[in-house]
Amino acid sequence: MNIGENIKQARLKTNMTQKEFAEKLEVYPKDVCRWEKGERTPSLERFVDICRILNVSSDELLELNK
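In what follows, the accompanying structure is described. (Residues numbered from 1 in each chain as written. Predicted model: local features only at pLDDT ≥ 70, side-chain atom pairs only at ≥ 80, totals over all residues. Heavy atoms only, no water.)

## Remarks on the nonpolar core
Here's step 1: Residues Phe-21, Leu-25, Ile-50, Leu-54 and Leu-61 are the most contacted members of the largest nonpolar core, which totals 16 residues.
Here's step 2: Counting residues per element, this core draws most heavily on helix H4 (residues 44–54), which supplies 5 residues. (Core = buried A, V, L, I, M, F, W, Y, C linked by side-chain atoms within 4.5 Å. Buried < 20%, exposed > 50% of the residue type's maximum accessible area, 1.4 Å probe, protein only. Helix = DSSP H or I, 4+ residues; strand = E, 2+ residues; numbered from the N terminus.)

In structure tokens form, the structure reads like this:
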């Protein structure tokens, strides 16, 4: 998987919609959609927020533990 797919899987585990997730991150839902599709990657600052909101480690999202 790639980081976008990992973000999506982690978001789905929390039963959060893209819109709800975007609101928590204070970004547009289209930004979340683009990340999840792999069209863009979140900034480092956003990445930290993503990990915090989804309660996952950066290692999990980056697949560093495999």
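## Concerning the packing of helix H2 (residues 18–25) against helix H3 (residues 29–37)
Here's step 1: It is the contact of H2 with H3, at a shortest axis distance of 8 Å, that shows an interaxial angle of 110 degrees. In terms of orientation, H2 and H3 fall into the roughly perpendicular class. Between H2 and H3, the residues in contact are Gln-18, Lys-19, Phe-21, Ala-22 and Leu-25 and Pro-29, Val-32, Cys-33, Trp-35 and Glu-36, respectively.
Here's step 2: Broken down by class, the residue content of the contact of H2 with H3 amounts to 7 nonpolar, 1 polar and 2 charged. (Axes fitted to C-alpha atoms, helices over the stretch in contact; angles between N-to-C directions. Parallel < 35°, antiparallel > 145°, perpendicular 65-115°, else oblique. Contact = heavy atoms within 4.5 Å. Nonpolar A, V, L, I, M, F, W, Y, C, P; charged D, E, K, R; others polar.)

## Focus: unusual backbone geometry
Here's step 1: Non-glycine residue Asn-15 carries a positive phi angle of around 60 degrees.
Here's step 2: Along the polypeptide, Asn-15 turns up in the loop between helix H1 (3–13) and H2.
Here's step 3: Look at Asn-15 and you get exposed, because its relative accessible area is 68%.
Here's step 4: Despite not being glycine, Glu-63 has its phi angle at roughly 60 degrees, a positive value.
Here's step 5: Within the secondary structure layout, Glu-63 lies in the segment after helix H5 (58–62).

Read these as layout, nothing more, since geometry by itself doesn't imply function.
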